[in-house]
Amino acid sequence: MYIDPVSEFGGLLLNVDKPGRYTGGEYGILSDKEAVFQTLIAFPDLYEIGMANHALKILYNRLNRMENISCDRCFAPAPDYEKLLREKRIPLYGLDTGIALGCLDMLMFTIGYELGLGGVFLMLDVSSIPLRCTDRTEEHPVVIAGGPAISNPLPYSPFIDAFWIGEAEEGFFDLAEELAELKIKKQGRAVILEKIKNHPNMWTYGKEKAVRAVYSGFATDALADIFPLPSMKIIQHHGMAEIMRGCPNGCRFCHAGFWYRPMRQKNREAVISQVNELVTKGGWHEISLSSLSSGDYNGINELVNDLNNQFTLHNVSFQMPSLKVSGFSLELIEKISVTRKSSLTFAVETPDNMWQKAINKEVTRESVTAILEEAKKRGWKSAKFYFMIGLPPSAALNEEEEIVDFIIDVGRRTRLVFNISIGIFIPKPHTPYQRTSQIDSLEASKKIDYIRSKLKPLGHKISFSNQLISRIEGLLSTGDERAGYYFEKAYKEGSRLDAWDEFINRDIWQNIINENSSFISEISDEKNKLSWKNIDSCIDKNFFEDEFKKSGKCALTNKCHEKCRKCGICGKNISVIKNELTIVNHDIKPVNIIKEKSDPGIFRILFNFEKINSAVYHGHLSLIEIFSSAFRRGGIPVKFTKGYNPLTKMEFASTLSTGVSADCEYASIDFNEDINPSYFLEKMNYCFPQGISIKNAECFYIHTGIKKHSLSSLLWGFAYQNSEKKIDYVNSENEKLYRQEQFKNYSDKRAALFHLKRKEVLARNIKTDAQTEWISYFDAYRFLYGKH
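This write-up is about the structure you can find in this document. Because the structure is predicted, anything quoted here is derived from the model rather than measured.

Here we take up the nonpolar core. One broad trend across soluble globular proteins is that nonpolar side chains are buried collectively. Ranked by size, the top nonpolar core spans 138 residues in total, and within it Leu 107, Phe 109, Phe 172 and Tyr 777 carry the most contacts. When neighbours within four sequence positions are excluded, Phe 172 is seen to be in contact with Leu 59, Leu 63, Met 106, Met 108, Ile 144, Trp 164 and Met 202. Within the second largest apolar cluster, 30 residues are counted, among which are Ile 371, Ile 403, Val 410 and Ile 439.

Right, here's the structure in full:
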């Protein structure tokens with residue numbers, strides 16, 4: 001069964017928020033509905049969250065490179081779209097091929113955080129796949145899951161058939177190939193599931209042990225997992241080059257720091273190759289050099305120098321989301337701010353120096369103050385701080401007062417105001433704090449209220465974790481099957497997308513927590529039995545106990561690459577890998593910025609384009625991003641604006657409402673050099689998502705001293721095709737009234753937009769300057785600037 005949301009829903013999609021989440025058609029889709037083994041990677045949250053997920057990109061790109069395998073993708077629907085799907089009795093489907101989730105051979109969930117379980121229920125339920133494993137038959141897909149949140153798989157086990165433990169690159173794709181061979185041999189669900197269960201890195205309920213897969217080839221892996229490219233703004237809207245996996249620092253509260261051990265640094269050549277692919281094939285102009293602690297990458301300054309030399313002239317900027325204070329370098333921050341200014345962020349966690357040592361960090365207020373004082377001299381005006389309440393051993397102490405004192409002191413010394421984020425510590429499996437208790441919601445509220453009352457009047461901005469959501473996350477983090485059943489109950493009673501303040505039903509959850517307080521107390525007991533004992537993280541269990549004891553003594557543990565701490569991970573066919581620092585002679589010259597004249601002559605291409613089918617659900621801001629990234633993918637040397645955030649010098653003649661199709665919209669783009677319009681057309685039309693294509697283009701040279709007319713200043717109006725298929729010519733001043741007249745017979749005015757087509761955007765007749773006459777934009781430009 002295949003679903004085409006445009007034909008199924010049409011204008012009804014305009015009644016849901018961000019309909020582009022559900023229509024697919026992005027640039028770079030790779031799935032093949034003819035492949036023998038049909039799989040789908042599902043992210044149990046909204047599109048804009050899931051499309052930023054690196055694990056999803058790895059699985060999607062690498063499975064689709066394999067013979068006989070197709071991997072589609074799907075995301076959890078928001079409540080408004082869930083309602084539409086249920087009303088029309090349409091199941092959830094893959095965005096690439098439209099395949100219904102219930103028709104797959106294997107459905108794979110990547111779960112990056114515990115509260116994704118509610119999204120799993122939603123996606124299964126809307127797809128008519130039974131929530132519980134025991135209710136599924138040969139007619140249903142095998143349902144598997146992976147990701148860091150399932151390092152304790154027990155709460156998910158009643159609902160997920162099997163769990164991949166660890167990193168997919170180390171063995172999962174080999175397993176997928178074997179599963180495809182079984183499908184070719186006409187083997188059914190039971191045989192495929194049995195094959196999965198027998199794999200050493202797969203855990204199923206009742207299995208004695210599953211071992212975490214650790215990717216040994218990470219350091220030299222130059223594959224760039226790029227596709228597909230989103231057609232709308234997503235969180236972390238940038239390309240991602242993972243420069244290091246694992247972390248050497250061993251912060252005792254950090255689940256990722258232990259789960260992704262050992263630290264493996266990608267070599268410089270592989271990183272630069274990936275960045276080049278992200279820019280030239282992905283069209284990204286911002287690249288994140290991703291890791292848990294980018295400042296610990298050996299040769300990070302030299303790497304950033306290399307990247308700036310190669311990409312700054314293309315207005316590509318870089319960011320590093322994880323820089324620890326002890327390795328903080330303003331010189332490094334300035335290097336990654338060559339194109340766009342980066343922000344200053346300090347993950348302090350806990351303010352007291354001894355408490356810092358207890359969690360195995362060193363972030364003193366003296367070091368933070370020194371950095372900020374120097375940053376202020378260099379033009380920075382603010383910074384962001386992260387703190388966490390409830391951390392051992394500060395939870396029972398006056399940590400909120402210490403946080404307030406820390407911020408007031410640093411603010412007084414630097415004369416700056418800050419953005420402050422307050423998180424709530426949640427014990428995580430496979431960490432030294434896995435047996436500790438979580439602070440209760442009432443105590444967390446008191447601490448947060450105190451911090452807010454003291455710092456907000458001083459001009460600081462305060463954000464904080466939701467206490468109820470943190471409590472729920474804790475249930476899944478260290479709970480057993482009962483925690484999963486409570487989530488199932490909350491879902492069936494109406495709670496949705498529990499990580500979202502606007503969707504979670506707090507009353508339902510509060511009732512569940514109140515009714516099961518004894519269980520919640522049990523999982524908070526530090527002496528409780530570890531639910532995840534059958535999962536081998538490859539780290540010696542005694543190491544966690546030793547680290548917990550050192551925490552109580554406020555004793556530091558050395559970094560992985562400074563002195564082996566004998567955690568047990570190294571030696572099992574894997575070890576710490578550092579990038580080898582080499583001096584490279586570049587053929588590329590350093591960036592030399594030439595000051596431009598105040599009124600330079602420019603080449604401007606004027607072009608018209610169509611926007612049809614799935615593309616009509618993308619709004620104007622999405623359209624700007626689609627064109628900007630297409631220019632980069634096509635290697636088109638466009639001009640950029642000046643300032644801290646350079647943008648392509650592009651203009652649309654008029655905005656187009658979401659849902660309205662168009663045959664002939666006009667836009668322009670500026671260049672420093674002459675561009676052949678035929679070359680421009682050919683390159684650009686290869687780089688668009690489905691539903692957008694350029695039809696005609698002409699290049700004009702606008703000399704110095706000649707007025708550079710904006711397209712909007714030349715606008716007369718529009719040619720619309722009405723409901724009777726006749727063409728109406730409408731002045732821009734009357735467009736709103738015209739639409740109202742066209743929609744008067746529609747009960748659903750918003751959905752009616754889908755039935756409207758804009759045939760052409762028209763320029764005023766500048767030859768005669770008659771207000772009632774129009775001409776094409778091409779004729780207007782030829783009159784103003786002559787043929788080039």
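There is more to say after this.
Quick look at the sheet that holds strand S5 (residues 162-164) now. Within the open sheet, the six strands sit side by side as S2-S1-S3-S4-S5-S6. Their pairing is mixed. Of all the strands in the sheet, the pair left with one neighbour each is strand S2 (69-75) and strand S6 (202-203). Here strand S4 (residues 142-146) pairs with S5 via two bridges, running parallel. The partner of Ile 144 across the bridge, within S5, is Ala 162. Seen against the sheet, helix H5 (residues 117-126) touches strand S1 (37-43), S2, strand S3 (106-110) and S4 and runs at an angle of roughly 155 degrees to S3. Contacting S1, S2, S3, S4, S5 and S6, helix H6 (residues 172-184) runs over the sheet at an angle of about 140 degrees to S1.

All right, on to the sheet that holds strand S11 (residues 286-290) then. Here we have three strands laid out as an open sheet, ordered S8-S11-S12, and parallel in their pairing. Two strands lie at the open edges of the sheet, namely strand S8 (239-242) and strand S12 (317-319), each paired on one side alone. Ignoring strand direction, the axes of neighbouring strands in this sheet form an average angle of 30 degrees. Relative to S12, S11 runs parallel, the two sharing three bridges.

This paragraph deals with the packing of H5 against helix H17 (residues 481-493). One way to put it is that H5 packs onto H17 with a least axis distance of 10 Å and a crossing angle of 55 degrees. It follows that H5 is oblique to H17 by the angle criterion. In this structure, H5 crosses over H17, and the sense of that crossing is right-handed. Facing H5, whose interface residues are Leu 117, Gly 118, Phe 121, Leu 122 and Asp 125, H17 presents Gly 484, Phe 487, Glu 488 and Tyr 491. Its residues placed into classes, the contact of H5 with H17 shows five nonpolar, two polar and two charged.

Moving on to empty space enclosed by the protein. Tallied over the entire structure, the rule returns eight cavities of 30 Å³ or more. The volume enclosed by the largest cavity comes to roughly 160 Å³. Lining the largest cavity are 14 residues; nearest its centre among them are Met 51, Lys 57, His 238, Gly 239 and Met 240. Elements represented by at least two residues in the lining of the largest cavity include exactly helix H3 (54-64) and S8. Of the volumes computed, that of the second largest cavity is approximately 120 Å³. Around the second largest cavity sit 17 residues that line it, and His 54, Leu 223, Asp 225, Lys 266 and Gln 274 are the ones nearest its centre.

Let's shift gears to the environment of Asp 663. Tracing the chain through its elements places Asp 663 in strand S20 (residues 661-671). Apart from the residues lying within four places of it in its own chain, the contact partners of Asp 663 are Phe 609, Glu 610, Lys 695, Lys 757, Arg 758 and Lys 759. Of note is the side chain of Asp 663, whose polar atom sits 2.6 Å from the side chain of Lys 759.

Once that is clear, we can look at the pairing of S1. Counting buried positions along S1 gives seven out of seven residues, so the element sits mostly inside the fold. Of the two faces of S1, the one lined by Phe 37, Thr 39, Ile 41 and Phe 43 and the one lined by Gln 38, Leu 40 and Ala 42 are each fully buried. Alignment of S1 against S3, held across four bridges, turns out to be parallel. In the strand pairing of S3, Thr 39 is matched with Met 106.

What counts, and at which threshold
- Residues numbered from 1 in each chain as written.
- Predicted model: local features only at pLDDT ≥ 70, side-chain atom pairs only at ≥ 80, totals over all residues.
- Heavy atoms only, no water.
- Core = buried A, V, L, I, M, F, W, Y, C linked by side-chain atoms within 4.5 Å.
- Buried < 20%, exposed > 50% of the residue type's maximum accessible area, 1.4 Å probe, protein only.
- Contact = heavy atoms within 4.5 Å.
- Pairing = 2+ DSSP bridges.
- Helix = DSSP H or I, 4+ residues; strand = E, 2+ residues; numbered from the N terminus.
- Axes fitted to C-alpha atoms, helices over the stretch in contact; angles between N-to-C directions.
- Parallel < 35°, antiparallel > 145°, perpendicular 65-115°, else oblique.
- Left-handed = near helix turned anticlockwise from the far one by under 90°.
- Nonpolar A, V, L, I, M, F, W, Y, C, P; charged D, E, K, R; others polar.
- 1 Å grid on protein atoms, 1.4 Å probe; cavity = no way out; pocket = protein on both sides within 12 Å on 5 of 7 lines; lining within 4 Å.
- Points joined across faces, edges and corners; volume = space filled by probe spheres on them.
- Polar contact = N/O pair within 3.5 Å; in protein donor to acceptor, adjacent residues only side chain to side chain.

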